[in-house]
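Reading the structure
Each chain, letter by letter, is given below.
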Amino acid sequence: MKRALVLSVLIAVGGLSLAAYQQPPQPAGPTPGALAATKIEKVKDNLYMITGSDPTDRSLFSGGNTGVFITDNGVVVVDTKLTGWGQVLLDRIKTVTNKPVTTIINTHTHGDHTGSNNMFPATVEIVAHENTKANMEKMDAFKGDGAKGLPKKTYKDKMTLGSGKDRVDLYYFGRGHTNGDTWIVYPSVRVMQTGDMFAWKDAPLLDKANGGSGVEYAATVRKAVAVANNVDTLIVGHSPLRTVPELKEYAQYMDDLVAAVKQAKAAGKSAADAAASIDLMTKYKGYKKERQTGAVQVIYDELK
Ligand SMILES: [Zn+2]
């Protein structure tokens, strides 16, 4: 009996270490591939984007796209990628300006957008929506010593930082990806940054635990479209630059996705069957359905 127990423990331990060997944990900070994929690109004038990459390839993944806005007083950084990327961000920024980073804005709570907040000096002001601050406070990364990476300045509906050509407008338009997604407009360069409210051409990640909503998603996106009449270009969460018509299309896509889920549910289908049967890729060219199943499940739960 005893021997059998020892043996099974050994097998379990062996199994664990084999699994660990086959799937090494993602190291904090840059892998060579991810480093090469993380470039600084001019969006317009004094606004740059430090690219992230598609999170489906973890070996190349550094986090979400980062906005870099160079103002007279210093640099505004929007989203700080995964933990361990702070020095890379600073190195990339140094290639376009020698001004210091003065402000960080986090579009939302996720670790691929807030992960390197802690690597900036305490003099940097961190700004986010009030719900995002509350969500970040629940994360292990921001407990204890990590609390220095939490936002100090928050807002509820709208906030403006700076003025004239340095002006940055922060808007909260309602629930979607989470319950604290900030949309940022840089009026002088006619650019909007969407965070993960528009991450890719696929179903969004609906983070139920952080207040996300599929049912309210399209209405939230439409409010952003309504203030985007002076915008030419979008910095989005995890894809190349997009346009306002593409954002409009995304609102329509979300309406169609929710309508299709309602229809499938009314017909008595399970969430899994609904996810398998819903096809929006014929209507929406260039879209994928890699994330449809997860989104359909959350929408199902909301419709209960
Ligand atoms: Zn996210």
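Residues numbered from 1 in each chain as written. Predicted model: local features only at pLDDT ≥ 70, side-chain atom pairs only at ≥ 80, totals over all residues. Heavy atoms only, no water.

When glycine is set aside, most residues are seen to have a negative phi, and most peptide bonds are trans. Phi is positive for D45, close to 50°, though the residue is something other than glycine. By the secondary structure assignment, D45 is in the loop between β1 (40–44) and β2 (47–50). Residue D45 is classed as partly exposed on the basis of its relative accessible area of 46%. Even without a glycine there, the phi angle at D79 is positive, about 80°. Relative to the helices and strands, D79 resides in the loop between β4 (75–78) and α3 (86–94). (Helix = DSSP H or I, 4+ residues; strand = E, 2+ residues; numbered from the N terminus. Buried < 20%, exposed > 50% of the residue type's maximum accessible area, 1.4 Å probe, protein only.)

A separate point is the sheet that holds strand β10 (residues 182–186). Sheet architecture is open: five strands sit in the order β8-β9-β10-β11-β12, paired in mixed fashion. Among the strands making up the open sheet, the edge pair consists of β8 (158–161) and β12 (233–236). Adjacent strand axes in the sheet meet at a mean angle of 20°, parallel and antiparallel pairs treated alike. For β10 and strand β11 (residues 191–195), the ladder comprises three bridges, and the chain directions are antiparallel. Bridge pairing links Y186 to V191 in β11. (Pairing = 2+ DSSP bridges. Axes fitted to C-alpha atoms, helices over the stretch in contact; angles between N-to-C directions.)

Before going further, it helps to spend a moment on the nonpolar core. Of all hydrophobic cores here, the largest spans 41 residues; its most connected members are W183, M192, L247, Y253 and L257. Those elements that provide at least two residues to this core are β10, α6 (217–226), β12, α7 (244–266), α8 (271–277) and α9 (292–303). Here the element with the most residues in this core is α7; it accounts for eleven residues. Beyond its immediate chain neighbours, meaning those up to four positions away, L257 contacts A203, I278, L280, Q292, A295, V296 and I299. Residues M49, V76, V127 and V189 belong to the second largest nonpolar core, which totals 19 residues. (Core = buried A, V, L, I, M, F, W, Y, C linked by side-chain atoms within 4.5 Å. Contact = heavy atoms within 4.5 Å.)

Taken together, the protein ligands of the zinc ion are H108 (NE2), H110 (ND1), H177 (NE2) and D196 (OD), with distances of 2.2 to 2.3 Å. Note that the zinc ion binds four donor atoms; their angles at the metal cover 84 to 174°, and the shape is irregular. Mapped onto the sequence, the donors of the zinc ion take the spacing H-x1-H-x66-H-x18-D. Of this pair, H108 sits in the loop between β5 (101–105) and α4 (111–114) while D196 sits in the loop between β11 and α6, and the two are 88 residues apart along the sequence. For the residue pair H108 and D196, the accessibility class agrees, reading buried in each case. (Donors = N, O, S within 2.8 Å, 3.2 Å for Na, K, Ca; no water. Tetrahedral: all angles 85-135°; square planar, octahedral: opposite > 155°, others 65-115°.)

We now examine the environment of Q193. As for its position among the elements, Q193 is in strand β11. As for Q193 and L170, which are separated by 23 residues in sequence, their C-alpha atoms are 9.6 Å apart. Sequence-distant contacts of Q193, defined by excluding residues within four places in its chain, comprise N65, T66, G67, V78, T182, W183, I184, Y186 and I235. In this structure the side chain of Q193 is engaged in a polar contact, spanning 2.7 Å, whose partner is the side chain of Y186. (Polar contact = N/O pair within 3.5 Å; in protein donor to acceptor, adjacent residues only side chain to side chain.)

Attention now goes to α3. Taken together, the buried positions of α3 are occupied by G86, V88, L89 and I93. The buried residues of α3 occupy one face: seen down the axis, they fall within an arc of 165°. Buried-residue contacts for α3 involve α2 (32–37), β1, β2, β3 (66–70), β4 and β5. (Arc of directions from axis to C-beta.)

Two quantities define a packed helix pair, namely the angle between the axes and the distance from one axis to the other. It is the contact of α7 with α9, at a shortest axis distance of 10 Å, that shows an interaxial angle of 65°. For the crossing formed where α7 meets α9, the hand is right-handed. Touching L257, V258, V261, K262, A264 and K265 of α7 are Q292, A295, V296, I299, Y300 and L303, all from α9. When its residues are assigned to classes, the contact of α7 with α9 shows nine nonpolar, one polar and two charged. (Left-handed = near helix turned anticlockwise from the far one by under 90°. Nonpolar A, V, L, I, M, F, W, Y, C, P; charged D, E, K, R; others polar.)

Here we take up the pattern of salt bridges. Under the counting rule described, the total for this entry stands at 13 salt bridges. The closest approach of N and O atoms between R167 and D169, which form a salt bridge, is 3.0 Å. A relative accessible area of 3% means that D169 is categorised as buried. Between D255 and R222 there is a salt bridge whose closest N-O contact spans 2.6 Å. (Salt bridge = Lys/Arg side-chain N within 4 Å of Asp/Glu carboxyl O.)

Further remarks concern the packing of aromatic side chains. Scanning the model with the defined rule gives ten aromatic pairs in all. Aromatic pair Y217 and Y250: ring centres 6.2 Å apart, planes at 80°, arrangement edge-to-face. Taken together, the residues span a long stretch of sequence, with Y217 in helix α6 and Y250 in helix α7 at a distance of 33 residues. Taking relative accessible area as the criterion, Y250 reaches 0% and is therefore assigned buried. With a centroid separation of 4.8 Å and an interplanar angle of 35°, the aromatic rings of Y253 and Y287 are classed as tilted. On the criterion of sequence distance, the pair formed by Y253 in helix α7 and Y287 in the loop between α8 and α9 is long-range, its members being 34 residues apart. Residue class for Y253 comes out buried when judged on its relative accessible area of 1%. Each member of the aromatic cluster is reached from another via a ring pair, and the members are F198, Y217, Y250, Y253, Y284 and Y287. Positioned above the aromatic ring of W200, the side-chain terminus of R291 is 3.6 Å from the ring centre. (Phe/Tyr/Trp six-rings, centres within 6.5 Å; stacked < 30°, edge-to-face > 60°. Lys NZ or Arg CZ within 6 Å of the ring centre and 35° of its normal.)

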